[in-house]
Amino acid sequence: MSEEKLPSRAENYSEWYNQVVLKAEMADYAPVRGCMVVRPYGWALWENIQASLDQRFKATGHVNAAFPMLIPKSFLEKEKEHVEGFSPELAVVTIGGGQELEEPLIVRPTSETIIGHMYSKWIKSYRDLPILINQWGNVVRWEMRTRLFLRTLEFYWQEGHTAHASEQEAQEETLRMLEVYTRFAIDEAAIPVIPGHKSDSERFAGAQRTYSIEAMMGDTRALQSATSHNLGQNFARAFDIRYLDPNNELQYCWTTSWGLSTRFVGAIIMAHGDDQGLILPPRLAPIQVVLIPIFRNDEEKSSVLPVVERLSAELTDFRLRVDDRTELTPGFKFNDWEMRGVPLRLEIGPKDVQNQTVMAARRDKPGKAGKTLLNQDQIARQVKELLEEIQKAMLDRATAFRDEHIHNPKNYDEFKDIITRGWAFSWWCGSAACEAKIKEETKATTRCAPIDQSEGKGTCIYCGKPANEKVYFARAY
RNA sequence: CGGGGUGUAGCGCAGUUGGCAGCGCACCGCGUUUGGGACGCGGGGGUCGGCGGUUCAAGUCCGCCCACCCCGACCA
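Residues numbered from 1 in each chain as written. Chains lettered and ligands numbered in written order. Predicted model: local features only at pLDDT ≥ 70, side-chain atom pairs only at ≥ 80, totals over all residues. Heavy atoms only, no water.

## Notes on the pattern of salt bridges
Item 1. What the rule picks out here adds up to 36 salt bridges.
Item 2. Note that E84 is salt-bridged to K80, the shortest N-O span being 3.6 Å. Of this pair, E84 and K80 both sit in helix α4 (residues 80–86), four residues apart, roughly one helical turn.
Item 3. Note on K80: relative accessible area 60%, which makes it exposed.
Item 4. With a shortest N-O distance of 3.0 Å, D403 and R402 are connected by a salt bridge.
Item 5. The class of D403 is partly exposed, set by a relative accessible area of 43%.
Item 6. Given the relative accessible area of 16%, R402 is considered buried.
Item 7. It is possible to trace a salt-bridge network through shared partners that takes in E25, R39, D323, R325, K333, D336 and R340. (Salt bridge = Lys/Arg side-chain N within 4 Å of Asp/Glu carboxyl O. Helix = DSSP H or I, 4+ residues; strand = E, 2+ residues; numbered from the N terminus. Buried < 20%, exposed > 50% of the residue type's maximum accessible area, 1.4 Å probe, protein only.)

The following block contains the structure:
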């Protein structure tokens, strides 16, 4: 339960984030540094994310399976870039049942290797392809600096792993899943993400090409919210994933992988929250509507509660919570549910009983601006409309905010200024040296390059040489 | 791993010259309250981060260790 005000976002954004996560009871710190406990309210949000994504994965032909958490150390070492990328952050098990292990086991940081191993057993013929498997699970990466949801030692995610007969099919799959993530983020989470491909330095260890969706947080920093990798034949060669083609010739498969993690919860918090706390998009909110009965005495109570009961029976299509706690005042409850981001609040008191009304308050519009007096008639229809309006307004607001904070600097001086308070969409020559210099001088990294490069050619914002691509630069989480 | 900081009730903190371990919030009970963060009265709760030292006496002084937080180098 929350008793105090949150720090304002302007005065201390990261403290605002920590406090809102703790006070809204989304998560708590675990006894092990860098680990978190996802509390029921946070997990309920994650479950809604899972349900929505899972449905989209199934609709695109994928099936779920589960692979083990422990991976032989030697597996990680089979793909050169992969081991180089991940070895600094591995948790290694060396003892089992009191005995030193013959071969140390890795707690999976991601599952390309073990899934690759299994695919090489399962795939014999072009008739076995494509293989389209997703797994919901947890992984461990030993990070230096951690933040609840955004970067923890252990996190929950889904990882899709597919194998295909041709490079083109693998590339289509990679982009298809990028599109699935994009639609999910925009349509369900109301976060106007920007899809694109990563630079080589930001590429997944072992991938041929990495794509991501990038979201703008309330402090204008960028958050990579999901990734999709075209792994080429790198893992197929490392794990000997081969098939006989129709001409009876052995071919290496083309594989992909793609993932979205509990980090996305952090994206929702920071993309939409305000100084009062969370604002959750109706489609994903664990509680869509909170109903608060108001009465002063037993007489009012006995007239209010039947109406509350009747109306809540009409609202069973929604994720509804009736807050009938007697030890708290309505004022406290208003603030508490606002902090927790419930999109719509309904108040029912003696006046409403008398007038056949319900006071509705939209979370996305603070104060009186968000209040409407509803008629008790057809309450479900009105609630449905309001939730849809809120969902839309949240996307509109986030989109406007994003667009206000993306600029096209004319030169590097302008770039340096812009990057302190937004993103820069600039020409880049593609050299790792320019990218590194920009990062060193401004802390901004390349986030992604949109797939559709309609503006032709230009000159690099840093070195002035010819550039084929415009990319987004931003300070990132 | 480098720089800075903090460890006292669940949380936030105070604790003077070394002398009975406290305050606010939260929690429990009773009563009054309830349309934007209610109030009164009464309660429960402590290995003062750990180990060692000085002292009649250590939360307080000294030494070592540990943990956590913030800022930098790596990342979904």
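From this point, the narrative continues.
## Structural notes on the sheet that holds strand β20 (residues 406–407)
Item 1. The sheet built from four strands is open, its strands ordered β20-β21-β25-β22 with mixed pairing. Each edge of the open sheet carries a strand with a single partner, namely β20 and β22 (445–448). (Pairing = 2+ DSSP bridges.)

## Considering the packing of helix α2 (residues 40–59) against helix α6 (residues 167–187)
Item 1. Remark: α2 packs on α6, axes separated minimally by 11 Å, with the N-to-C direction vectors making an angle of 140 degrees. Classified by the angle their axes make, α2 and α6 are oblique. In the packing of α2 onto α6, the handedness of the crossing is right-handed. The residues of α6 that touch α2, namely those facing I49, S52, L53, R56 and F57, are M177, V180, Y181, R183, F184 and D187.
Item 2. Taken together, the residues that form the contact of α2 with α6 break down as seven nonpolar, one polar and three charged. (Axes fitted to C-alpha atoms, helices over the stretch in contact; angles between N-to-C directions. Parallel < 35°, antiparallel > 145°, perpendicular 65-115°, else oblique. Left-handed = near helix turned anticlockwise from the far one by under 90°. Contact = heavy atoms within 4.5 Å. Nonpolar A, V, L, I, M, F, W, Y, C, P; charged D, E, K, R; others polar.)

## A short note on the packing of aromatic side chains
Item 1. A complete count under the given rule lists 17 aromatic pairs for this structure.
Item 2. Measuring from ring centre to ring centre gives 5.9 Å for W46 and W136, while their planes differ by 75 degrees; the resulting arrangement is edge-to-face. Residue W46 is located in helix α2, and its partner W136 is located in strand β7 (residues 131–140); the two are separated by 90 residues in the primary sequence.
Item 3. Assessed through its relative accessible area of 1%, W46 is described here as buried.
Item 4. Relative to W122, the ring of F67 has its centre 6.1 Å away and its plane inclined at 40 degrees; by these criteria the two rings are tilted. Taken together, the positions of F67 in the loop between β3 (63–64) and β4 (70–72) and W122 in helix α5 (residues 112–122) put the pair 55 residues apart, joining distant regions of the chain.
Item 5. Owing to a relative accessible area of 9%, F67 belongs among the buried residues under this scheme.
Item 6. With a relative accessible area of 40%, W122 lands in the partly exposed category. (Phe/Tyr/Trp six-rings, centres within 6.5 Å; stacked < 30°, edge-to-face > 60°.)

## Some words on the domain arrangement of chain A
Item 1. Per the domain assignment, the segments making up chain A are domain 1 (13–272), domain 2 (289–386) and domain 3 (407–474).
Item 2. The centre of domain 1, based on its C-alpha atoms, is set 41 Å off from the matching centre of domain 2.
Item 3. With six residues of domain 1 at the interface, the matching set in domain 2 holds four residues.
Item 4. Both faces considered, domain 1 and domain 2 share a buried interface measuring about 440 Å² in area, 49% of it formed by carbon and sulfur atoms.
Item 5. At the boundary of domain 1 with domain 2, the tally comes to one salt bridge.
Item 6. The closest approach of N and O atoms between E25 and R340, which form a salt bridge, is 3.2 Å.
Item 7. Among the secondary structure elements, those contributing two or more residues to the side of domain 1 that touches domain 2 are α1 (13–23) and α2.
Item 8. When the residues that make up the side of domain 1 that touches domain 2 are grouped by side-chain class, the tally is three nonpolar, one polar and two charged. (Domains from an automatic or database assignment. Buried area = accessible area lost by both parts, 1.4 Å probe.)

## Looking at empty space enclosed by the protein
Item 1. Counted by the stated rule, this structure contains two cavities of 30 Å³ or more.
Item 2. The computed volume of the largest cavity comes to approximately 70 Å³.
Item 3. In terms of lining, the largest cavity is formed by E112, I115, G116, Y119, H161, T162, L231, F235, I241, T255 and T256.
Item 4. When contributions to the lining of the largest cavity are tallied by element, the ones reaching two or more residues are α5, β8 (154–164) and β14 (254–261).
Item 5. At four residues, α5 tops the list of elements feeding residues into the lining of the largest cavity.
Item 6. A class-by-class count of the residues in the lining of the largest cavity yields five nonpolar, five polar and one charged.
Item 7. By volume, the second largest cavity is sized at about 50 Å³. (1 Å grid on protein atoms, 1.4 Å probe; cavity = no way out; pocket = protein on both sides within 12 Å on 5 of 7 lines; lining within 4 Å. Points joined across faces, edges and corners; volume = space filled by probe spheres on them.)

## Focus: the protein's contact with RNA strand B
Item 1. Not every one of the 39 residues close to RNA strand B is listed here, only the nearest: R145, R151, R263, T329 and D352.
Item 2. Per the 4 Å cut-off to the protein, sugar and phosphate atoms form 39% of the nearby atoms of RNA strand B.
Item 3. E347 has a polar side-chain atom sitting 3.3 Å from a base nitrogen of RNA strand B.
Item 4. Listed by contribution, the elements that provide at least two residues to the surface near RNA strand B are α10 (330–339), β17 (344–348) and α11 (350–355).
Item 5. Of the residues contributing to the surface near RNA strand B, the split by class is twelve nonpolar, nine polar and 18 charged. (Near = heavy atom within 4 Å. Polar contact = N/O pair within 3.5 Å; in protein donor to acceptor, adjacent residues only side chain to side chain.)

## Describing the nonpolar core
Item 1. The biggest cluster of nonpolar side chains holds 57 residues, and the ones touching the most others in it are M26, I49, F149 and I269.
Item 2. For this core, the two domains that each supply at least three residues are domain 1 (13–272) and domain 2 (289–386).
Item 3. Residues within four places of F149 in sequence aside, it is in contact with Y17, V21, M26, A27, M36, V38, T262, R263, V265, G266 and I269.
Item 4. Core analysis: the second largest hydrophobic core is formed by 25 residues, F75, L76, L231 and C253 among them. (Core = buried A, V, L, I, M, F, W, Y, C linked by side-chain atoms within 4.5 Å.)

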